[in-house]
Structure formats: C-alpha cells, structure tokens
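# Topology and contacts: notes
Listed here are the chains, written in short residue letters.
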Amino acid sequence: MTYNNLLFESGEGIATVTFNRPKALNAMNPETARELKDVITKCINDENIKVVILTGAGDKAFVAGADIVTMQNNQPSQSLPFMEQGHEVMRLIETMPKIAIAAVNGFALGGGTEISLACDIRFASENAKFGLPEILLGIIPGWGGTQRLPRLVGMGIAKEMILSGTQIDAKRAYEIGLVNRVCPAAELLAEVRKFALKLVSLPPFAVKMAKYSMNFGYDLALDNATRLEIQCCAQCFSTKDQKEGMKAFLEKRKAVFVGQ
Ligand code: DAK
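Rules of the game
Residues numbered from 1 in each chain as written. Predicted model: local features only at pLDDT ≥ 70, side-chain atom pairs only at ≥ 80, totals over all residues. Heavy atoms only, no water. Helix = DSSP H or I, 4+ residues; strand = E, 2+ residues; numbered from the N terminus. Rg over C-alpha atoms; globule rule 2.2 N^0.38 Å. Buried < 20%, exposed > 50% of the residue type's maximum accessible area, 1.4 Å probe, protein only. Contact = heavy atoms within 4.5 Å. Areas by Shrake-Rupley, 256 points an atom, 1.4 Å probe, with all protein chains shown as cover. Lys, Arg positive; Asp, Glu negative; His and termini not counted. Charge placed at Lys NZ, Arg CZ, Asp CG, Glu CD. Near = heavy atom within 4 Å. Polar contact = N/O pair within 3.5 Å; in protein donor to acceptor, adjacent residues only side chain to side chain. Nonpolar A, V, L, I, M, F, W, Y, C, P; charged D, E, K, R; others polar. Pairing = 2+ DSSP bridges. Right-handed = clockwise from strand over helix to strand, strands pointing away. Phe/Tyr/Trp six-rings, centres within 6.5 Å; stacked < 30°, edge-to-face > 60°. Axes fitted to C-alpha atoms, helices over the stretch in contact; angles between N-to-C directions. Parallel < 35°, antiparallel > 145°, perpendicular 65-115°, else oblique. Left-handed = near helix turned anticlockwise from the far one by under 90°. Core = buried A, V, L, I, M, F, W, Y, C linked by side-chain atoms within 4.5 Å. Salt bridge = Lys/Arg side-chain N within 4 Å of Asp/Glu carboxyl O.

What follows is about the overall build of the protein. A tally of helices and strands in the protein yields 11 helices and 10 strands. Rg of the C-alpha trace for the protein: 19 Å, near the compact-globule value of 18 Å for 260 residues, within the 12% margin. Along the three orthogonal principal directions, the C-alpha set of the protein runs to about 60 × 40 × 35 Å. Split into buried and exposed, the 260 residues of the protein put 45% on the buried side. Contacts in the protein between residues at least 24 apart in sequence constitute 68% of all its contacts with a sequence separation of at least 6. Only carbon and sulfur atoms are counted for the fraction: they give 58% of the accessible area of the protein, which is about 13500 Å². A gap of 4 Å separates the mean positions of the 29 positive and 27 negative side-chain charges of the protein.

Shown next, in the form of structure tokens:
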C-alpha cells in the first residue's frame, strides 16, 4: 500500500511510523486509519521489527484528533464504521506482539491521546498537550478514550478530563501517570530511540507473553488473571531464550537471545 498520510521507516529492529498531514495538524481521517492498520500489520508480520515508534510530523502536533472536516456532517450510520475502524487499529497496536511507543511531540488531542493510550509506553516533549476535548464538539471520545484513560490514570482524573474537555500539559500528564517520561522537544525522538534500542534485543516470546498477560488479564477477576499469567509464564520455559537467559545469568555474562 502507498501511504499518503504516513511516513514509514525501519532499521535496527525499530520501525518509525510518522503521522504526516501537517496542514491539518496530523488529524486522522478514514484514509489515515486504513493506512495505520496496514502499516501496523506490516510491522507485526516483519520479524525483524521489535519496537514500533509512533510520532507526528512537524514540531506542533502528534495527532490533533479525528478529522473534524470529515466527521462534521456524519450521521450515526457513517460514524459507526469510522469508530469501528479506529477501535480495530487501536486494539491491534495495543495487543501486537511488539512494543509500541508513542513519541508525543505536540498536540495529542481526542484521537491523538487515544492513539497514545493504545501504545505500551508514552514519551512526551515538554510542549506536548493532551486532552479529550470531544465533549466540546458535542460528542464523546470514540476510539477507546472513555475506557483506556480511566484504566491508566484512574476514574476521577479521567472524568475531570473527559467531562471538561480540558487540555493538560506534559508536566501534568507525567504527574498523573499518563506519560512515562518528558523530554525537551529537540531530544524527544533521540531519547525514544535510545530507549527502544534497549528493547530490541529482548526475547520476543517473553515480550509477547508479558503483553498478552497484561492485556488479556487486566479485566479478569484476579484469580483468573493470575491463572492466565501462570500459563503465559509456563510457555516461556519452552523457548531457547529462557534457557539462554538463565544460563547467561549463572555464567555471569550478557544473554544472547535468538528469538526462539
Ligand atoms: N481536524 C481537522 N482539521 C484540524 C484539526 C482536526 N482535528 N485540528 C486542527 N486542524 C486544522 C485547523 O482547522 C487548521 O486548518 P486551516 O484553518 O489552516 O485550514 C490547521 O489544522 C491548523 O490548526 P489551527 O489554526 O487551529 O492551529 P492552532 O495552533 O491555532 O490550534 C489546536 C491548535 C490543536 C489547539 C486546534 O487546531 C484545535 O483545537 N484542533 C482541534 C482539536 C480537537 O478538538 N480534536 C479532537 C477532535 S474529536 C468517532 C471516532 C473518533 C472520534 C470521535 C468519534 N466516531 C467515528 C463516532 C474522535 C474524535 C476526536 O478526536
């Protein structure tokens, strides 16, 4: 697929996907959502890619939300496919057996915050702004914001943000646990990449099981969730990488994982 609204590059185990509609502050339209699904599927199927970084083109925005121009005259019958398309791609990012990092380099509003919430880890530039301002447009978040934000930062703060539509800066996002790290804007991508490079040599099956256990265990009752964890952990003992990891520890050397 040719991408009109995304840039894609990969190397050293890291794929970088850049939302690239700067004139609309990288707002997501249905075409971008289709392209995003395609590129994430490509990352999933490429065993050389271990980490996927999502960021925005330009220095002003990560993603300024769903494209309001496209949505403004929608009826529910047209909104539903767009919403389902968005949910599908967010869940794909969240559950893929690779690590997704959002490098939030400016406005991450509405769908932009929701994309970052679907990632495993969020780094933000000091000038980043987060928010779910949908209520100010007469709608509510439609790509998982009402569900993922409370799970990440707690119901009280999520209700404050979603019911008021207020934007918060990177410092506040860090304080409430919405982002993992805040960096000067000029250093954001380099910092994310430095962190990603530490992750590319991790044993892929253990990464996959760790995400699986967290993603699919989170909403289960604790007893069922811990049983899921037991199964995921036990499966890791079938891999060469588990043998290598423990052997290397006992031999006091760095493990060399082979991805099996
Ligand atoms: N959509 C379309 N165009 C946008 C846009 C957006 N979300 N955000 C910005 N732009 C465009 C602006 O219209 C402007 O275009 P021109 O006038 O130059 O043609 C250009 O980008 C530059 O924006 P500004 O001139 O406004 O720049 P400022 O620095 O003054 O302000 C801003 C930056 C980010 C504060 C402001 O642009 C802004 O407030 N943008 C809208 C933010 C927003 O409300 N985002 C949430 C969108 S709602 C659903 C599926 C998904 C969703 C909901 C339902 N279903 C299918 C049911 C998700 C909803 C959302 O994400």
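For the rest of this paragraph, the subject is the site of the ligand. With respect to spatial proximity, 23 residues lie near the ligand, and among them Lys-60, Ala-64, Ala-66, Ile-68 and Gly-111 are the closest. In the environment of the ligand, an oxygen atom lies 2.6 Å from a nitrogen or oxygen atom belonging to the side chain of Lys-60. A distance of 2.8 Å is found between an oxygen atom of the ligand and a backbone nitrogen or oxygen belonging to Gly-111. Expressed as a share of its isolated accessible area of 1100 Å², the protein-covered part of the ligand is 65%. Within the residue set of the shell around the ligand, elements represented by two or more residues are helix 3 (76-95) and strand 6 (107-109). For the shell around the ligand, the element with the highest residue contribution is helix 3, accounting for three residues. Partitioned by chemical class, the residues of the shell around the ligand number 14 nonpolar, five polar and four charged.

To continue, consider the side chain of Asn-5. Structurally, the position occupied by Asn-5 is in the segment before strand 1 (6-11). Within the structure, the side chain of Asn-5 is placed 3.3 Å from the side chain of Thr-32, a separation counted as a polar contact. When residues no more than four places from it in sequence are discounted, the contact partners of Asn-5 are Thr-18, Phe-19, Asn-20, Arg-21, Asn-29, Glu-31, Thr-32 and Glu-35.

So, on to the pairing of strand 2 (residues 14-19). In terms of burial, strand 2 is a largely internal element, six of the six residues being buried. Residue alternation in strand 2 divides its side chains into two sets, Ile-14, Thr-16 and Thr-18 and Ala-15, Val-17 and Phe-19, and both sets are buried. Hairpin connection between strand 1 and strand 2: a loop of two residues separates the two successive antiparallel strands, and Glu-12 in this loop has a positive phi of roughly 55°. Note on the crossover from strand 2 through helix 1 (residues 30-45) to strand 3 (residues 51-56): the handedness is right-handed.

Considering all chains together, one arrives at four aromatic pairs under this definition. For the pair Phe-82 and Trp-143, a centre-to-centre distance of 5.0 Å together with 80° between the ring planes defines the contact as edge-to-face. Here Phe-82, found in helix 3, pairs with Trp-143, found in the loop between strand 8 (129-131) and helix 5 (145-153); they are 61 residues apart in sequence, far enough to count as distant. The buried category is assigned to Phe-82, whose relative accessible area is 9%. Its relative accessible area of 4% is what places Trp-143 among the buried residues. The interplanar angle of 50° and the centroid separation of 4.6 Å between the aromatic rings of Tyr-212 and Phe-216 together place this pair among those described as tilted. Pair noted here: Tyr-212 and Phe-216 are both in helix 9 (residues 204-217), with a separation of four residues, about one helical turn.

Closest axis-to-axis distance for the helix 4 (residues 111-118)/helix 5 pair is 10 Å, and the angle between their directions is 55°. As summarised for this structure, helix 4 and helix 5 are arranged oblique, according to the angle between their axes. The element helix 4 and its partner helix 5 pack so that their crossing is left-handed. Only Gly-145, Arg-148, Leu-149 and Leu-152 of helix 5 make contact with helix 4, whose side of the interface consists of Glu-114, Leu-117 and Ala-118. Residues of the contact of helix 4 with helix 5, tallied by class, amount to four nonpolar, one polar and two charged.

Counting residues in hydrophobic clusters, the biggest one holds 46 residues, and the most contacted among them are Phe-19, Leu-36, Leu-54, Phe-62, Phe-130, Leu-149 and Leu-178. Residue contributions to this core peak at five residues, all from helix 1. Residues Val-51, Ala-103, Cys-183 and Val-192 belong to the second largest nonpolar core, which totals 16 residues.

Scanning all chains against the criterion turns up 14 salt bridges. Notably, a salt bridge pairs Asp-67 with Arg-21, separated by 2.8 Å at the nearest N-O pair. Taken as a pair, Asp-67 in the loop between strand 4 (61-63) and helix 2 (68-71) and Arg-21 in the loop between strand 2 and helix 1 lie far apart in primary sequence, 46 residues in all. What makes Arg-21 buried here is its relative accessible area of 18%. Lys-37 is paired through a salt bridge with Glu-88; the nearest N and O atoms lie 2.8 Å apart. One end of the pair, Lys-37, is in helix 1; the other, Glu-88, is in helix 3, with 51 residues separating them in the sequence.

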